[in-house]
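Coordinate analysis (summary)
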Amino acid sequence: QKSLGFVSVRQRLDQGYFGGYLLVNSVARPLEFHCTVPVQPTRAQSILFGQTLEEFLCGEQIARALLSRAKVQPQVVLVDAPAVLCARQWIDLPILWITGESASSVDHGFQYPGFQRHASQYGQITQGPYTFACLDSYRGDLELVDWMIESGAMELDLKEPFERIVEALAEAHPRSKAA
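Residues numbered from 1 in each chain as written. Predicted model: local features only at pLDDT ≥ 70, side-chain atom pairs only at ≥ 80, totals over all residues. Heavy atoms only, no water.

Looking now at helix H4 (residues 160-172). Helix length check: H4, at 13 residues, gives a terminal C-alpha distance of 19 Å against a target of 18 Å (1.5 Å per residue), a fit within 8%. Among all positions in H4, only Pro-161, Phe-162, Ile-165, Val-166, Leu-169 and Ala-170 are buried. Buried-residue contacts for H4 involve strand E1 (4-12), strand E2 (16-24), strand E3 (30-35), strand E4 (76-79) and strand E5 (95-98). (Helix = DSSP H or I, 4+ residues; strand = E, 2+ residues; numbered from the N terminus. Expected span 1.5 Å × (residues − 1). Buried < 20%, exposed > 50% of the residue type's maximum accessible area, 1.4 Å probe, protein only. Contact = heavy atoms within 4.5 Å.)

The next subject is helix H3 (residues 144-151). Of the positions making up H3, those classed as buried are Leu-144, Val-145, Trp-147 and Met-148. An end-on view of H3 places all buried positions within 155° of arc, on one side of the element. On its buried face, H3 is in contact with E1, E4, E5, strand E6 (122-127) and strand E7 (130-135). Gly-152 sits one or two residues past H3 and shows a positive phi near 90°. (Arc of directions from axis to C-beta.)

The next subject is the pattern of salt bridges. Taken as a whole and assessed by the stated rule, the structure comprises 6 salt bridges. Between Asp-92 and Arg-88 there is a salt bridge, and its shortest N-O distance comes to 4.0 Å. For Arg-88, the salt bridge goes to Asp-141, with nearest N and O atoms at 2.8 Å. Of the two residues, Arg-88 sits in the loop between E4 and E5 while Asp-141 sits in the loop between E7 and H3, which places them 53 residues apart along the sequence. No difference in accessibility class separates Arg-88 from Asp-141, as the two residues are buried. (Salt bridge = Lys/Arg side-chain N within 4 Å of Asp/Glu carboxyl O.)

The next thing to look at is the environment of Leu-4. Mapping Leu-4 onto the fold places it in strand E1. The buried category is assigned to Leu-4, whose relative accessible area is 3%. Each C-alpha atom of the pair Leu-4 and Ile-98 lies 13 Å from the other, and the pair is 94 residues apart in sequence. Apart from the residues within four sequence positions on either side, Leu-4 is in contact with Leu-22, Leu-23, Val-24, Pro-74, Val-76, Trp-147, Met-148, Ala-153, Leu-156 and Leu-158.

In structure tokens, the structure reads:
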């Protein structure tokens, strides 16, 4: 069965980083969903990882754990933050970042991780309304854009599943009410 994976990692400054993984079939119906508990970096991690902290947390810790839990292997995994791309170094699945932020008006107090490499460290291709990027050392992953066109996946709203993930994360981790 042809499927697409969507990984979103978001942050709430007061709670840490949250990750969600939605695997959908060819008509965008959910096959699997996984999410993490909030991940808050330790002071030592913040010091030792420096500028690469978000890439470590979002890609290596959160996305890697989510992707390894899945029972179904998608043809490609789409992510909405560049910090998640480094999961590709540990997971043998094509991973593409849909660049630019979603136009979602509902954020539930979440924000995108800010980490981004220098533009020369990404390979990218624009197809229709989307620009896809991958880590430069995995440029072959961009070939999956052709599969997405041939399979009809490009006819789906590829940003919408990320909104579902954020809604599910907000449901699983509601904002704490101020006393």
